[in-house]
Amino acid sequence: MRRRKVGQHKSGFRKQLPLQLFVLAGILYLSVFNIIPMAGLVMGFKDYKITDGWLGIFTAPWVGLKFFREFVTDFQFPVLVRNTVGISLCKLIFTFPLPIAFAVMLSDMRRGWFRKLTQTASYLPHFISWVIISGISYQFLSSSGILNRFLLALHVIKKPIGFLTDAGMYWGLATVLDMWKETGWWAIVFLAAIMGINMEMYESAILDGASRLQRVRYITLPSIKPTIVTVLILALGNLFGGGLGGSNFEQSYLLGNAMNSEASGIIQTYVYDVGLANGRYAYAAAVGMVQSVISLIFVFVSNAAAKRTAGSSLF
Amino acid sequence: MRKKLSAYFLAILTAAALFSGCGGVSSETAAGAGDSGEQATKASESTGESGELSKLSIFINMSWYPVDSFTGKIPDAIKAATGTDLDVTIATDSKQLGVMIASGELPDLVFSDTEINELSNSNVCIPLDELAEMTGVSFENAENYDERTRIASTLSEDGRAYTLLNNYNSNEDWDKLKLGAQGQTCIYYRQDLLEAAGIEVPTNLEEFRNCLKEVKTAYPEMTPLGMGGYWKLQPISIWTGVSQGKYDGKEYRYESATPEYKSFLKYANSLYRDGLISAEEYANENEEIGHQRAYNDGCVFYPWYLANSNFTQLQSNAVSDSAKWAVLAPLGQPPLGDGKGWGGLFISRNCGDVTAAARLFAYLNSVEGGRTSMWGVEGDDWMLDENGVPQFSEEFLEARGNSEVWYSKYNTMFYFGASAIDEIYMNYSGMEEDKLKEFSAYSKGFVNYPELGIAKPSTTSEEGVIYTKLEDIRKKYEAKAIFSDTDEDFESACEEFMKALDSAGIGTYNTYMTEQIQKVKQEFGF
């Protein structure tokens with residue numbers, strides 16, 4: 001094996017210095033805002049009071065698993081976990097395949113203004129904040145909103161549908177809004193992967209008489225499998241945060257209300273209400289940690305499963 | 001070479017941009033909405049020695065506050081009396097203050113009605129005894145000083161008073177009330193619409209239900225009983241006796257476990273099943289949306305807080321020229337008061353000019369300061385009559401009838417030490433007789449038990465945690481019961497409700513409160 005001399009290594013690093021500086025900025029950012037604050041997780045095991053200031057995180061007395069026990073015995077625990085897992089799985093099942101299908105369809109469109117327009121229009125909702133979307137939802141979906149008025153005028157329904165107040169509708173509403181908002185944006189990732197497929201494979205397939213669907217099934221999807229697996233692992237890692245959209249908290253906070261709380265209340269809104277509203281930061285830290293640990297387990301399990309089944313993994 | 005330099009420049013710019021959000025103590029801008037990482041202003045300039053005003057920064061922990069500056073006739077009078085000006089920051093949501101306390105980034109002053117236990121801590125704010133010692137300013141001229149100090153001392157772990165809660169009066173003071181009514185919830189209604197449809201004004205809850213049905217027939221486009229934000233069905237809850245049911249002078253019961261509460265739920269459920277209230281309006285937490293519906297002919301009856309300012313707001317913002325709002329007379333039992341005071345002005349440990357802060361605190365809590373903050377300038381805006389009731393000038397009364405002029409010209413929102421009776425007289429003195437009669441009807445039968453408020457546990461104590469859970473359960477199951485479509489669903493929701501209350505520790509809470517109330521009664525001599 002050829003060994004590099006020290007001088008050679010140094011000159012290689014010097015050549016990359018500007019790029020390394022960019023990476024360093026990113027590492028510093030992660031360290032300051034993601035890694036160092038993890039020391040504060042110890043708060044979940046302590047009887048921390050906000051009046052002790054930030055140093056109190058380290059000097060407060062230990063209470064062990066007291067807050068974890070309190071959370072799992074809380075009357076809301078089963079409902080919160082059910083809603084968190086349920087909403088997350090619904091989003092995973094419906095919002096994960098949709099960008100792939102949309103990217104495949106886009107790639108099959110003829111290049112031109114219509115394709116560009118479709119692609120642009122599809123990812124624009126990604127830039128609209130959930131606050132605006134909840135306002136739009138209210139205008140469209142309230143009992144006096146546009147959709148209900150339309151359906152009443154056509155005599156499709158006899159009384160308005162409680163899209164925003166019916167607990168049975170909330171999971172569907174959250175999933176559909178997430179699909180609308182994020183499909184176009186994540187399709188970009190898959191579209192980029194599809195663009196990287198060798199066109200000769202398609203030409204050969206056409207010559208062999210493969211139909212469009214067969215080309216998608218035997219060429220497109222297998223070729224972008226690594227991308228699909230990577231995105232899937234990332235989505236699973238953020239499953240409880242809302243998967244690809246990362247939208248669970250915003251949706252539940254903005255669209256949740258007293259009427260649909262049985263379906264909209266999730267662990268994150270509970271942490272927000274309990275921790276910040278009632279000043280129980282230590283308890284909120286413990287509850288948040290429960291969710292983070294489960295998410296971490298998901299990441300490792302899905303990574304291992306992907307390695308075994310698909311031969312491709314994130315790490 | 002140029003490429004390299006550009007790359008270096010971009011890399012440094014990127015790093016600077018990534019860290020540009022890091023907090024600065026000397027920042028002049030207020031914390032943003034929902035962004036709990038940012039910190040509030042600490043702009044304190046002490047220039048008292050040269051005769052100029054001392055400027056203190058203040059954080060008002062109420063996102064609904066209608067003003068955001070210390071300007072107007074009343075603030076000018078306060079500035080003249082104390083030599084102090086205020087740089088005001090209003091909370092954008094209810095979660096900000098906790099983060100500010102935890103990060104130690106409080107401005108000079110804080111006015112809040114929540115997190116009072118957290119603010120009553122020597123790491124966070126200066127206790128009044130220490131403040132008096134540091135500055136030589138005495139607070140003993142404060143109205144009801146002894147009682148208010150003792151109440152404030154129950155809010156801290158070390159037994160010291162860190163503030164004096166405003167909006168407090170003793171029962172002896174209440175006995176001398178000449179007009180108006182104590183602060184409570186009520187229902188306003190469109191008198192013109194009832195008259196036009198020939199519908200009689202109800203005088204009890206049964207008549208109210210029938211009246212709502214008639215309203216629904218006469219005005220199918222409007223919601224008979226509108227709702228918005230915080231108040232929802234509170235007046236009905238009080239009138240069915242829920243408030244009275246929780247304390248009989250000896251034993252305390254959390255209100256959701258009383259028989260009166262189930263009667264309220266049943267009544268409210270009947271309103272829903274008759275199509276008289278809307279689930280969507282009930283779910284709306286934004287008070288402004290509810291107000292807008294009321295202004296825009298969206299409802300005939302509207303629950304809100306009993307105050308002349310709210311009434312004038314409904315009247316002056318109504319889109320219909322013919323709109324005539326009135327106050328519905330109470331339809332049932334009066335509320336049970338638990339007033340120990342409401343909000344407190346705190347001087348934080350970060351205060352840059354404690355002398356100016358102490359001067360301002362002493363003035364606003366004095367009889368003179370309390371009256372100025374609510375009534376304006378004596379001699380110019382008001383004079384006391386032989387009954388001790390202020391008689392206001394025409395200019396004052398005219399401004400009171402227009403909320404925009406009221407807040408910009410007078411600005412009565414710096415009532416940090418004013419008593420409840422000061423506020424009542426501000427609201428009602430000089431009002432037309434028939435209107436005054438409508439409002440004053442709400443004072444009949446009102447009894448105040450300050451021990452109920454004083455005995456409440458701090459939010460972070462074990463009993464306080466139980467109370468928070470009970471309130472969460474109430475919010476969740478109350479909606480479920482009220483908006484049940486069948487009797488079976490209603491009974492099932494009520495049963496689940498009671499089971500949840502039991503599992504949360506309602507027995508422990510009731511026992512704790514009963515014991516604490518007796519202790520407070522003995523200690524305070526109530």
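Worth saying up front: this structure is predicted, and the values here are computed from it rather than measured.

J.: Would you take a moment to explain the overall build of chain B for this structure?
T.: When its secondary structure is counted, chain B shows 25 helices and 12 strands. Taken over the C-alpha trace, chain B has a radius of gyration of 25 Å; the compact-globule value for 526 residues is 24 Å, and the two agree within 12%. With the C-alpha coordinates aligned to their principal axes, the bounding extent of chain B is approximately 75 × 70 × 55 Å. Counting across all 526 residues of chain B, residues that qualify as buried make up 55%. Of all intrachain contacts in chain B linking residues separated by at least 6 positions in sequence, the fraction that spans at least 24 positions is 77%. Carbon and sulfur atoms provide 48% of the accessible area of chain B, an area that totals close to 22000 Å².

J.: What should I look at first to understand the packing of helix 8 (residues 130-141) of chain A against helix 14 (residues 248-255) of chain A in this one?
T.: To describe two helices that pack against each other, one gives the angle between their axes and the distance between the axes. All names here are of chain A. Where helix 8 meets helix 14, the closest approach of the two axes is 10 Å, and the angle between their N-to-C directions is 40 degrees. Viewed along their axes, helix 8 and helix 14 adopt a mutual orientation that is oblique. Judged by the twist between their axes, the crossing of helix 8 over helix 14 is right-handed. For the pair helix 8 and helix 14, contact is made by W130, V131, S134 and S137 and by E250, Q251, L254 and L255, respectively. Here the contact of helix 8 with helix 14 is built from residues that sort into 4 nonpolar, 3 polar and 1 charged.

J.: Teacher, can you tell me more about the packing of helix 8 of chain A against helix 9 (residues 146-153) of chain A here?
T.: Residue and element names in this part refer to chain A. Where helix 8 meets helix 9, the axes come as close as 4 Å, and the angle between the chain directions of the two elements is 15 degrees. Taken as axis vectors, helix 8 and helix 9 run roughly parallel relative to one another. In this structure, helix 8 uses Q139, F140 and L141 to contact helix 9, whose residues at the interface are I146, L147 and N148. Taken together, the residues of the contact of helix 8 with helix 9 sort by class into 4 nonpolar, 2 polar and no charged.

J.: How do you make sense of the interface of chain A and chain B when you look at a structure like this?
T.: The parts lose accessible area when they come together, and the size of an interface is often stated as this lost area. Taken together, the 41 residues of chain A in the interface contact 41 residues of chain B. A per-residue breakdown of the area chain A buries against chain B is headed by A:T51, A:F75 and A:M259, which together make up 18% of the total. A salt bridge links A:E70 to B:K469, with the nearest nitrogen and oxygen atoms 3.3 Å apart. Where chain A touches chain B, the interface holds 8 residue pairs in polar contact (both at pLDDT 80 or more). Elements that contribute at least two residues to the side of chain A that touches chain B include exactly helix 2 (17-35), helix 15 (261-264) and helix 16 (267-277) of chain A. Considering every element that reaches the side of chain A that touches chain B, the biggest residue donor is helix 2 of chain A, with 10 residues.

J.: Please explain the confidence of the model for chain A as it appears in this structure.
T.: A low pLDDT score tells you not to read the predicted coordinates there in detail. Here chain A averages 87 in pLDDT, and 96% of its residues register 70 or above. Put simply, helix 1 (residues 6-15) of chain A is where chain A has its lowest mean pLDDT, 66, and helix 9 of chain A is where it has its highest, 94.

About the cut-offs
- Residues numbered from 1 in each chain as written.
- Chains lettered and ligands numbered in written order.
- Predicted model: local features only at pLDDT ≥ 70, side-chain atom pairs only at ≥ 80, totals over all residues.
- Heavy atoms only, no water.
- Helix = DSSP H or I, 4+ residues; strand = E, 2+ residues; numbered from the N terminus.
- Rg over C-alpha atoms; globule rule 2.2 N^0.38 Å.
- Buried < 20%, exposed > 50% of the residue type's maximum accessible area, 1.4 Å probe, protein only.
- Contact = heavy atoms within 4.5 Å.
- Areas by Shrake-Rupley, 256 points an atom, 1.4 Å probe, with all protein chains shown as cover.
- Axes fitted to C-alpha atoms, helices over the stretch in contact; angles between N-to-C directions.
- Parallel < 35°, antiparallel > 145°, perpendicular 65-115°, else oblique.
- Left-handed = near helix turned anticlockwise from the far one by under 90°.
- Nonpolar A, V, L, I, M, F, W, Y, C, P; charged D, E, K, R; others polar.
- Buried area = accessible area lost by both parts, 1.4 Å probe.
- Salt bridge = Lys/Arg side-chain N within 4 Å of Asp/Glu carboxyl O.
- Polar contact = N/O pair within 3.5 Å; in protein donor to acceptor, adjacent residues only side chain to side chain.
- pLDDT = per-residue confidence, 0-100.

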